[in-house]
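Read off the chains here:
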Amino acid sequence: MQFFRQEDAEVSAIVGWGVRVMVLTPVEEARYSKIAARIAGLGGIVELENDAFTALDTLIADSTGFGLFVIECDGFGGLEAGRNLVSMLHKGGVSIPVILAASDCGEQIFPTENAAPVVLRAPVSAVSLRVGFEHAMRDRLVFQAA
């Protein structure tokens, strides 16, 4: 039987490294949004928005300030509405990683194209959010050398 002991558990547990994340959620406070709390736990700097068009306007006006856009689609019309918001964002000239979380998601999607959003089934588990976060940020994360 083999045992493995990881020396730098704290360093490897945080994958966000201060990435600024816009979370579009119907929830008013971050403590009530599980997705926002979990992203903060991954090291992301979370900013909540409750209005879809205000979120898009903020992202288009400050296109270099945010590293990730997360949409809790159930509060805004479902998965198709979330896809429409991503389309509007791209038409506004913003290319940013996006995670869509929706209960009407039949299958989780981790796309190979950079412009396509990661789609997660809601309610989002800690494991699927971490995998989705790492996948969405795969071109932007800098891994620490061992």
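Calculation criteria
Residues numbered from 1 in each chain as written. Predicted model: local features only at pLDDT ≥ 70, side-chain atom pairs only at ≥ 80, totals over all residues. Heavy atoms only, no water. Helix = DSSP H or I, 4+ residues; strand = E, 2+ residues; numbered from the N terminus. Contact = heavy atoms within 4.5 Å. pLDDT = per-residue confidence, 0-100. Axes fitted to C-alpha atoms, helices over the stretch in contact; angles between N-to-C directions. Parallel < 35°, antiparallel > 145°, perpendicular 65-115°, else oblique. Left-handed = near helix turned anticlockwise from the far one by under 90°. Nonpolar A, V, L, I, M, F, W, Y, C, P; charged D, E, K, R; others polar. Phe/Tyr/Trp six-rings, centres within 6.5 Å; stacked < 30°, edge-to-face > 60°. Lys NZ or Arg CZ within 6 Å of the ring centre and 35° of its normal. Core = buried A, V, L, I, M, F, W, Y, C linked by side-chain atoms within 4.5 Å. Buried < 20%, exposed > 50% of the residue type's maximum accessible area, 1.4 Å probe, protein only. Pairing = 2+ DSSP bridges.

Visitor: Help me understand the environment of S103, please; the structure alone is not making it clear to me.
Guide: Relative to the assigned elements, S103 resides in the loop between β4 (98–102) and β5 (118–121). Each residue touching S103, except ones within four places of it in the same chain, is listed here: D74 and A122.

Visitor: Hey, could you run me through the confidence of the model for the chain in this one?
Guide: In regions of low pLDDT, the predicted coordinates are not meant to be interpreted in detail. Across the chain, the average pLDDT comes to 83, with 80% of residues at 70 or higher. Predicted confidence is poor over residues 1–13, with pLDDT under 50, and the contacts of this stretch with residues over four places away or in other chains come to five contacts.

Visitor: In this structure, what is going on with the packing of helix α2 (residues 34–41) against helix α5 (residues 126–136)? I would like to understand it.
Guide: In a packed pair of helices, the relevant descriptors are the angle between the two axes and the axis-to-axis distance. Direction vectors running N to C along α2 and α5 enclose 60°, while the axes themselves pass 10 Å from each other. By the criterion of interaxial angle, the relationship of α2 to α5 is oblique. As α2 packs across α5, the resulting crossing turns out to be right-handed. Here I35, R38 and I39 of α2 lie close against α5, whose contacting residues are A126, L129 and F133. When its residues are assigned to classes, the contact of α2 with α5 shows five nonpolar, no polar and one charged.

Visitor: Is there a simple way to think about the packing of aromatic side chains in this case?
Guide: By convention here, two paired aromatic rings are described through the distance between centres and the angle between planes. This structure, assessed with the given rule, holds zero aromatic pairs. The ring of F66 carries R20 above its face, with NZ or CZ at 3.9 Å from the centroid.

Visitor: Even after reading the chapter, I still don't get the nonpolar core, so can you show me in this structure?
Guide: One recurring pattern in soluble globular proteins: nonpolar side chains tend to sit buried together. Residues F69, I71, L89, I96 and L100 are the most contacted members of the largest nonpolar core, which totals 21 residues. Of all the secondary-structure elements, those providing two or more residues to this core are β1 (20–24), α3 (52–61), β3 (68–72), α4 (79–91) and β4. Membership of the second largest hydrophobic core comes to 17 residues, among which are V70, A101, V124 and M137.

Visitor: Any chance you could explain the pairing of β1 here in plain terms?
Guide: Where a strand is regular, its side chains alternate between the two sheet faces. Along β1, four of the five residues are buried, which leaves the element largely enclosed by surrounding structure. Across four bridges, the pairing between β1 and β3 is parallel. Of the residues in β3, the one forming a bridge with V21 is L68.

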